[in-house]
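The primary structure of each chain is shown beneath.
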Amino acid sequence: MKRSDALERIHQELSEKEKGYRAKALKLFPHICGSCSREFSGAKLKELTVHHKDHNHQNNPPDGSNWELLCVYCHDHEHEKHKMKGFGGGPVDDSFKGGGFNALSGLDALFQNAGKDESKN
């Protein structure tokens, strides 16, 4: 089997699974964003997404207890809040760790003599 065939099969399976829980969520809940309270119908219904409250896409209970309907904007915002948890003085979330370049690292070494009186040299 070619790599592109396997990838296409994975995408198709994910799409079918998503259609399944999305269809169930749309039957269970009113077509209203759980965050901004916008109402969706007709062609605009495609802008309403299923958000997994525990952020685990494998957790799809039949009663919908892990789902909430959010518009695409609120859904993106919810995921950004989850990623940034701990950066505003709140509890630290170890699942998201920033790293990489620190522009101010080593700055203290440049100011070793800052506390001394330079006129006494």
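To keep things clear, this report deals only with the structure shown in the data block. Please read all numbers here as calculations on a predicted model, not as lab measurements.

### Observations regarding the nonpolar core
Core analysis: the largest hydrophobic core is formed by 13 residues, its most contacted members being C33, F40, L48, V50 and L69. Within the residue set of this core, elements represented by two or more residues are α1 (3–28), β1 (48–52) and β2 (67–71). Apart from the residues lying within four places of it in its own chain, the contact partners of C33 are R38, F40, L48, L69, L70, C71 and C74.

### Quick word on the pattern of salt bridges
Per the stated rule, a full pass over the model turns up four salt bridges. The salt bridge partner of K81 is E78, with a shortest N-O separation of 3.3 Å. Of the two residues, K81 and E78 are both situated in helix α2 (residues 72–83); the distance of three residues between them amounts to about one turn of the helix. Accessibility expressed as a relative area gives 23% for E78, which makes it partly exposed. A cluster of three or more residues bridged by salt bridges with shared partners is formed by R38, K44 and E47.

### A few points about the environment of Y21
Mapped onto the elements, Y21 comes out in helix α1. Along the backbone, Y21 and N60 are 39 residues apart, and their C-alpha atoms lie at a distance of 7.1 Å. When near neighbours in sequence (up to four residues on either side) are disregarded, Y21 contacts V50, H52, H57, N60 and W67.

### Quick look at the state of the cysteines
Across all of its chains, the model carries zero disulfides by this definition. Here C36 stays free of any disulfide, with the sulfur of C33 as its closest cysteine sulfur at 3.6 Å. With no disulfide of its own, C74 has C71 as its nearest cysteine by sulfur position, at a separation of 3.5 Å.

### Notes on unusual backbone geometry
The phi dihedral of S37 falls on the positive side, at around 70°, and the residue is not glycine. By the element assignment, S37 lies in the loop between α1 and β1. The phi angle at H55 is positive, at roughly 65°, despite the residue not being glycine. Mapped onto the secondary structure, H55 falls in the loop between β1 and β2. According to the relative accessible area criterion, H55 is partly exposed, its value standing at 23%.

What counts and what doesn't
- Residues numbered from 1 in each chain as written.
- Predicted model: local features only at pLDDT ≥ 70, side-chain atom pairs only at ≥ 80, totals over all residues.
- Heavy atoms only, no water.
- Core = buried A, V, L, I, M, F, W, Y, C linked by side-chain atoms within 4.5 Å.
- Buried < 20%, exposed > 50% of the residue type's maximum accessible area, 1.4 Å probe, protein only.
- Helix = DSSP H or I, 4+ residues; strand = E, 2+ residues; numbered from the N terminus.
- Contact = heavy atoms within 4.5 Å.
- Salt bridge = Lys/Arg side-chain N within 4 Å of Asp/Glu carboxyl O.
- Disulfide = S-S within 2.5 Å.

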